[in-house]
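Close look at the chain arrangement
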Amino acid sequence: MASSAPRRLRLERPVTWLALAGFMGTGKSRIGWELSRRLGLNFIDTDRVVERVSCMRIPELFELYGEAVFRDYESEVVRRCLRLDEAVISTGGGTVMREANRRMLLSRGPVIVLTASPETIYRRTRRHKRPLLEIGDPEGRIRELLNARQSAYDAAASFHVSTDGRHSSDVVEEIVEKLWAWREAREAERRR
Ligand SMILES: Nc1ncnc2c1ncn2[C@@H]1O[C@H](COP(=O)(O)OP(=O)(O)OP(=O)(O)O)[C@@H](O)[C@H]1O
Ligand SMILES: O=C(O)C1=C[C@@H](O)[C@@H](O)[C@H](O)C1
Ligand SMILES: [Mg+2]
């Protein structure tokens, strides 16, 4: 059956800069990497940049200096990401909790908030160390943190995309379609 979506060459790009946000384990790093390949853009993962500039792994940074120091590194990395062009930026799970970070990211381009259920998040995060989930009841903690953070994720979102029970390539294609719609809406707004 013919698709109703406009025909576009695969090498056309709706944007040359975008950020992914959302809770731990929603897929920001994995989807970000695949999306960067799909759009022919560079890929930056702010968690990895914090690790590189601090010369520490994130759990070590939390343990030795505390979360506040990690957050300051993170904000500085976000600020530097604004200078980049041709980039997909995957943020950390708590990056958009700071209003200043939300404002910086949204001033530069679209911010796509990825979502997943607490069960999926638990399944995806249990094998890798995340300092904020290193407690007796990680699934309960995930629910609490999701509730506490929901309004900040909503405030950061140009739009949301669910990654629950979906193949990553399917998520990437939905993001690309929504980016075209986001761009067209913005251009229409400017013409008004
Ligand atoms: N759509 C998907 N389907 C199946 N597995 C996925 C999907 N997206 C991500 N994953 C897997 O879930 C795990 C966590 O994903 P990822 O590291 O991308 O999450 P994240 O949002 O970057 O988390 P964090 O905020 O902690 O950095 C990885 O093993 C990844 O391969
Ligand atoms: O949700 C969070 O606050 C975090 C998510 C990870 O991406 C890392 O940035 C770190 O473990 C903190
Ligand atoms: Mg990540």
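Residues numbered from 1 in each chain as written. Chains lettered and ligands numbered in written order. Predicted model: local features only at pLDDT ≥ 70, side-chain atom pairs only at ≥ 80, totals over all residues. Heavy atoms only, no water.

Some details on the overall build of the protein
Counting its regular elements, the protein contains 8 helices and 5 strands. Scanning the protein from its N terminus toward the C terminus, one meets helices and strands in the order β-α-β-α-α-α-β-α-β-α-α-β-α. Over its C-alpha trace the protein gives a radius of gyration of 17 Å, about what one expects of a compact globule, namely 16 Å for 192 residues. With respect to the principal axes defined by its C-alpha atoms, the protein has extents near 55 × 35 × 30 Å. When the 192 residues of the protein are sorted by exposure, 46% land in the buried category. Within the protein, contacts between residues separated by at least 24 positions form 73% of all contacts whose residues are at least 6 apart in sequence. On the protein, roughly 10600 Å² of surface is accessible, and the fraction owed to carbon and sulfur atoms is 50%. Averaging the locations of the 35 positively and 28 negatively charged side chains of the protein gives two centres separated by 3 Å. (Helix = DSSP H or I, 4+ residues; strand = E, 2+ residues; numbered from the N terminus. Rg over C-alpha atoms; globule rule 2.2 N^0.38 Å. Buried < 20%, exposed > 50% of the residue type's maximum accessible area, 1.4 Å probe, protein only. Contact = heavy atoms within 4.5 Å. Areas by Shrake-Rupley, 256 points an atom, 1.4 Å probe, with all protein chains shown as cover. Lys, Arg positive; Asp, Glu negative; His and termini not counted. Charge placed at Lys NZ, Arg CZ, Asp CG, Glu CD.)

What about the environment of Ser-54?
If you trace the backbone, Ser-54 turns up in helix 2 (residues 46-54). Take Ser-54: its relative accessible area is 8%, and that puts it in the buried class. In sequence terms Ser-54 and Tyr-73 are 19 residues apart; their C-alpha atoms lie 7.9 Å from each other. Not counting chain neighbours up to four residues away, the residues in contact with Ser-54 comprise Leu-61 and Tyr-73. In this structure the side chain of Ser-54 is engaged in a polar contact, spanning 2.8 Å, whose partner is the backbone oxygen of Val-50. (Polar contact = N/O pair within 3.5 Å; in protein donor to acceptor, adjacent residues only side chain to side chain.)

Quick word on the pattern of salt bridges
Going through the model one piece at a time under the given rule, you end up with 21 salt bridges. Between Arg-143 and Glu-119 there is a salt bridge, and its shortest N-O distance comes to 2.8 Å. Of this pair, Arg-143 sits in helix 7 (residues 138-156) while Glu-119 sits in helix 6 (residues 118-125), placing them 24 residues apart in sequence. Residue Glu-119 is classed as partly exposed on the basis of its relative accessible area, which comes to 39%. (Salt bridge = Lys/Arg side-chain N within 4 Å of Asp/Glu carboxyl O.)

Examining the UniProt feature "binding site: substrate" (unreviewed entry) in the protein
As recorded in UniProt, the sites labelled "binding site: substrate" (unreviewed entry) are Asp-47, Arg-71, Gly-93 and Arg-149. Classification of Arg-71 as buried rests on a relative accessible area of 10%. With respect to the secondary-structure elements, Arg-149 resides in helix 7. (UniProt positions renumbered as here; feature names shortened; annotations may be inferred.)

Concerning the UniProt feature "binding site: Mg(2+)" (unreviewed entry) in the protein
Under the UniProt annotation, the feature "binding site: Mg(2+)" (unreviewed entry) is placed at Ser-29. Of note, Ser-29 is situated in helix 1 (residues 28-39). On the basis of relative accessible area, Ser-29 is assigned to the partly exposed category, the value being 32%. With sequence-adjacent residues up to four places away left out, Ser-29 is seen in contact with Phe-43, Asp-45 and Ser-90.

Notes on a positive patch on the surface
Among the surface-exposed residues, Arg-123, Arg-124, Arg-126 and Arg-127 lie close enough to one another that they form a single positively charged patch. Mapped onto the elements of the fold, Arg-123 is located in helix 6. (Patch = residues over 30% accessible without salt bridge, like charges linked within 9 Å, V, L, I, M, F, W, Y side chains within 5 Å.)

What to know about the site of ligand 1
If you check the shell around ligand 1, you find 15 residues, and the closest are Gly-25, Lys-28, Ser-29, Arg-30 and Arg-130. A distance of 2.8 Å separates an oxygen atom of ligand 1 from a polar atom in the side chain of Ser-29. Note that an oxygen atom of ligand 1 is positioned 3.5 Å from one of the backbone N or O atoms of Gly-93. Protein chains bury 78% of the 630 Å² of accessible surface belonging to ligand 1 in isolation. If one sorts the elements of the shell around ligand 1 by residue count, helix 1 sits on top with 3 residues. Class assignment for the residues of the shell around ligand 1 results in 2 nonpolar, 7 polar and 6 charged. (Near = heavy atom within 4 Å. Nonpolar A, V, L, I, M, F, W, Y, C, P; charged D, E, K, R; others polar.)

Re the site of ligand 2
For ligand 2, the full set of nearby residues is Met-24, Asp-47, Ile-58, Phe-70, Arg-71, Gly-92, Gly-93, Gly-94, Pro-131, Leu-132 and Arg-149. The separation between an oxygen atom of ligand 2 and a polar side-chain atom of Arg-71 is 2.6 Å. The protein chains hide 94% of the 310 Å² of surface that ligand 2 would expose on its own. Here the shell around ligand 2 is built from residues that sort into 5 nonpolar, 3 polar and 3 charged.

Structural notes on unusual backbone geometry
Positive phi, close to 55 degrees, is recorded for Cys-55, a residue that is not glycine. The class for Cys-55 is exposed, based on a relative accessible area of 67%.

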